[in-house]
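One letter stands for each residue in the lines below.
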Amino acid sequence: NRAGKVVAAICHGGWVLASAGIIKGKNVTCVSAIKDDMINSGARYVDEEVVVDGTLITSRMPGDLPAFCREIIKALGR
């Protein structure tokens, strides 16, 4: 993250981002079960299939994989 590389998380993977301290002030999404944890870590929760905030890409659940993968591929193609 500090190097400006793409960081992506889906489902409960948001917990790793919260533990790393990299979501404060960022727009993110995740599985609804950890929504409060993300908000309490300083993130702005958005209920969408994929959320891109700079190099941070997040998604909610496996059903969102097409959009999640599309955004990762787009970000890596920069």
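Structure: see above.
Conventions adopted
Residues numbered from 1 in each chain as written. Predicted model: local features only at pLDDT ≥ 70, side-chain atom pairs only at ≥ 80, totals over all residues. Heavy atoms only, no water. Helix = DSSP H or I, 4+ residues; strand = E, 2+ residues; numbered from the N terminus. Expected span 1.5 Å × (residues − 1). Buried < 20%, exposed > 50% of the residue type's maximum accessible area, 1.4 Å probe, protein only. Arc of directions from axis to C-beta. Contact = heavy atoms within 4.5 Å. Core = buried A, V, L, I, M, F, W, Y, C linked by side-chain atoms within 4.5 Å.

A.B. asks: Pulling in residues and values, what's your account of helix α3 (residues 65-76)?
C.D. replies: With twelve residues, α3 should reach 16 Å at 1.5 Å per residue; the first-to-last C-alpha distance of 16 Å fits that figure. Buried within α3 we find Ala67, Phe68, Glu71, Ile72 and Ala75. For α3, the buried positions fall inside an angular range of 135 degrees around the axis, keeping them on one side. The exposed residues of α3 that point more than 90 degrees off its buried face are Pro66, Ile73, Lys74 and Leu76. Those residues of α3 hidden inside the fold are in contact with β1 (7-10), β4 (50-53) and β5 (56-59).

A.B. asks: So, the nonpolar core: which residues are in play, and what are the values?
C.D. replies: Counting residues in each nonpolar core, the largest one holds 14 residues, and the members touching the most others are Leu17, Ile23, Val28, Met38 and Leu56. Breaking this core down by element, the ones donating at least two residues are β1 and α1 (14-20). Apart from residues lying up to four places away in sequence, Ile23 is in contact with Leu17, Ala18, Val28, Met38, Ser41, Gly42, Ala43 and Leu56. Formed by six residues, the second largest nonpolar core is a distinct cluster that contains Ala67, Phe68, Ile72 and Ala75.

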